[in-house]
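# An overview of the molecular structure
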Amino acid sequence: MTDIPKEGKLTRFLDFTQLIDMASECVGGKVLFATDDFFAPAENLIKSDSPSFKEHEYTEFGKWMDGWETRRKRIPGHDWCVIQLGIQGIIRGVDVDISYFSGSYAPRMSIQAANLNEENVPAIPPREAKTGAAATPEEFEAISELNSDSWDYLVPMSELKPGDPDSSHNYFFVNSQQRWTHIRLNIFPDGGIARLRVYGTGQRDWTSSDSKEPVDLVAIAFGGVCVGFSNAHFGHPNNMIGVGQPKSMADGWETARRLDRPPVLESDENGLLQIPGSEWAVFRLAHPGVITQIEIDTRYYIGNSPDSCQVDGCVLTTQEEEDMVRNQWILPAHKWKPLLPVTKLSPDQNHVLDSLTLELQDVITHARLTITPDGGVSRLRLRGYPSSICLLRPLREKPTLKFSLKPSFRANL
């Protein structure tokens, strides 16, 4: 994540830099092809960390750079690379970061994209991170089967502009509702780019879901997203619904310490701290459904985990969600359904808990995690079953198939 917002700033749907980087290596993004990797390999584009600069470091081919940098082109054409997204879905915007490439950045770029079926993707020879080389004729022949030069344009040819040497971000909004699996980055004619961030939301093919097994309905890879929060001083709530296991304390949601804590803390007979304040994050589920199991992981949060938490759910239309964002999620109490009562949490531990949902008709579209008084949570998983309540969503957001749950499933829950 970049430009982490501080206390009181709500995530709006179009603040795309707070969405997941769908191309990042940490979610499975992969470079399939690059025309040239002379000074620095294209794999650097999708590194999860920010670019760095080593003033006095050189390789046998030239200055060491933390990004993708091609040679000065002396033949017709331009350079380009193809990236397979780690998370497939809707792209909301991109960040073309040319930090530290002050005298060698690519002056122009464009981005194309395609939605490819795995069965129809030809075998592409695996790449090795390399420098001092261009693509071989065999690599050009293999990638030509993708016909990437005819893919749809998400960003037309656009100029790149340098800012500060160590912070030169070029943001481009993408106006597309389609699902994408691959992108092609074109640079004109050559040069360097430090990082490419492809921000968006995942989109799962719900028609292929196995309705017998619960699925994480809030997973960012499937389309879950944080739509509001009270505080994100050290880490954004979207981190909690990220891909895979948490990697460190930086890979979670962590708030600042609340300043309204009592000078001396006390607890009740159940061991819960008696503190008036709390922090919260609200999520739109990837698919409306019924939550049957809740997982709250405080891994890596040893001295800063919350004392307790609770989870509630509600049903909102798109218009109601937009109204709630404007009203900073001041939602009438009766709208929320309790999914998890106030529950004591332990530090550095994964808690797997049953939802309070007793009937499979208790469908929700949004969930709210509340922690008391503050602290960090590394992962939130809300497992359950998708529902045909998706009719509440606009047509462009509906899955192509409705879902219903058979009565026979109830005996197994």
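### Let's talk about helix H2 (residues 318-326)
- Three or more residues of H2 are buried, namely Thr-318, Glu-321, Met-324 and Val-325. The arc that holds the buried residues of H2, viewed along the axis, is 120°, so those residues lie on one side.
- In this fold, the buried residues of H2 make contact with strand E14 (225-229), strand E16 (279-297) and strand E20 (364-372).
- Just past H2, the residue Gln-328 takes up positive phi, approximately 55°.

### Focus on the nonpolar core
- Ranked by size, the top nonpolar core spans 64 residues in total, and within it Ile-91, Leu-185 and Ile-296 carry the most contacts.
- Sequence-distant contacts of Ile-91, that is, excluding residues within four places in its chain, are made with Met-22, Leu-85, Leu-154, Val-174, Ser-176, Trp-180, Ile-183, Val-198, Tyr-199 and Gly-200.
- Counting residues in hydrophobic clusters, the runner-up holds 14 residues, among them Val-227, Trp-280, Trp-329 and Trp-336.

### Points about the environment of Asn-350
- Within the fold, Asn-350 resides in strand E19 (residues 350-354).
- As for Asn-350 and Arg-379, which are separated by 29 residues in sequence, their C-alpha atoms are 8.6 Å apart.
- Looking at Asn-350, its side chain comes within polar contact range of the side chain of Glu-295, at 3.0 Å.

### Quick word on the environment of Phe-234
- Mapped onto the secondary structure, Phe-234 falls in the loop between E14 and strand E15 (253-254).
- When sequence neighbours within four positions are dropped, the list of residues in contact with Phe-234 reads Glu-254, Thr-255 and Ala-256.

### A few points about helix H1 (residues 137-144)
- Residues of H1 that are buried include every one of Glu-139, Ala-142 and Ile-143, and no others. Along the axis of H1, the buried residues cluster in a sector spanning 95°; they form a single face. The exposed residues of H1 that point more than 90 degrees off its buried face are Pro-137 and Glu-141.
- Check the buried side of H1 and you find it contacts strand E2 (30-34) and strand E6 (79-97).

### Describing the pattern of salt bridges
- Using the criterion set out here, one finds 22 salt bridges in the structure.
- Ionic pairing is found between Asp-216 and Arg-381, a salt bridge with its closest N-O pair at 3.6 Å. Here Arg-381 lies in strand E22 (residues 379-386) and Asp-216 lies in strand E13 (residues 215-216), a separation of 165 residues in the sequence.
- On the basis of relative accessible area, Asp-216 is assigned to the buried category, the value being 11%.

### Focus: the packing of aromatic side chains
- In the structure shown here, the tally under the stated rule is eight aromatic pairs.
- Between Phe-38 and Phe-39, the aromatic rings sit 4.9 Å apart at their centres with planes inclined by 80°, giving edge-to-face as the arrangement.
- Every member of this aromatic cluster is reached through a ring pair, and the members are Phe-16, Tyr-171 and Tyr-199.
- Of note, Lys-54 hangs over the ring of Trp-64, and the distance from its end group to the ring centre comes to 4.6 Å.
- Over the face of the ring belonging to Trp-336 we find Arg-368, whose NZ or CZ atom lies 4.3 Å from the ring centre.

About the cut-offs
- Residues numbered from 1 in each chain as written.
- Predicted model: local features only at pLDDT ≥ 70, side-chain atom pairs only at ≥ 80, totals over all residues.
- Heavy atoms only, no water.
- Buried < 20%, exposed > 50% of the residue type's maximum accessible area, 1.4 Å probe, protein only.
- Helix = DSSP H or I, 4+ residues; strand = E, 2+ residues; numbered from the N terminus.
- Arc of directions from axis to C-beta.
- Contact = heavy atoms within 4.5 Å.
- Core = buried A, V, L, I, M, F, W, Y, C linked by side-chain atoms within 4.5 Å.
- Polar contact = N/O pair within 3.5 Å; in protein donor to acceptor, adjacent residues only side chain to side chain.
- Salt bridge = Lys/Arg side-chain N within 4 Å of Asp/Glu carboxyl O.
- Phe/Tyr/Trp six-rings, centres within 6.5 Å; stacked < 30°, edge-to-face > 60°.
- Lys NZ or Arg CZ within 6 Å of the ring centre and 35° of its normal.

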